[in-house]
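Tertiary structure, described
What follows is each chain in one-letter form.
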Amino acid sequence: MLPIEILQEFNSCYLKIQAIAQNKNWLLLIADKKIDPEAATHLGDVLHYLGEAMGCVEEIVEVKFNQESE
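Residues numbered from 1 in each chain as written. Predicted model: local features only at pLDDT ≥ 70, side-chain atom pairs only at ≥ 80, totals over all residues. Heavy atoms only, no water.

This paragraph deals with the overall build of the protein. A count of helices and strands for the protein gives 3 helices and 0 strands. Tracing the protein from N to C terminus, the helices and strands come up as α-α-α. Seen through its principal axes, the protein has C-alpha atoms that stretch 55 × 15 × 15 Å. Split into buried and exposed, the 70 residues of the protein put 16% on the buried side. For the protein, long-range pairs separated by at least 24 residues make up 68% of all intrachain contacts whose partners lie at least 6 apart in sequence. As presented, the protein carries roughly 5,500 Å² of accessible surface, and 58% of it is formed by carbon and sulfur atoms. Once the 5 positive and 12 negative side-chain charges of the protein are each reduced to a mean point, those two points are 16 Å apart. (Helix = DSSP H or I, 4+ residues; strand = E, 2+ residues; numbered from the N terminus. Buried < 20%, exposed > 50% of the residue type's maximum accessible area, 1.4 Å probe, protein only. Contact = heavy atoms within 4.5 Å. Areas by Shrake-Rupley, 256 points an atom, 1.4 Å probe, with all protein chains shown as cover. Lys, Arg positive; Asp, Glu negative; His and termini not counted. Charge placed at Lys NZ, Arg CZ, Asp CG, Glu CD.)

Next up, the structure:
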């Protein structure tokens, strides 16, 4: 898998998880406290760390792109 493909996969996962975090049913579950009260925090952590991983891969993609364009 090429670095750009990895970045695209991370981005796809990020967007899907972000959609869950903003989903009305998810928010109702949290509000009704029918799930672990830390669930919203955990989902936020997942988005944060996935974003951090994406940043690392972006740097690799950028370096490879610059090397190939020289």
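Having put the structure on the table, let's press on.
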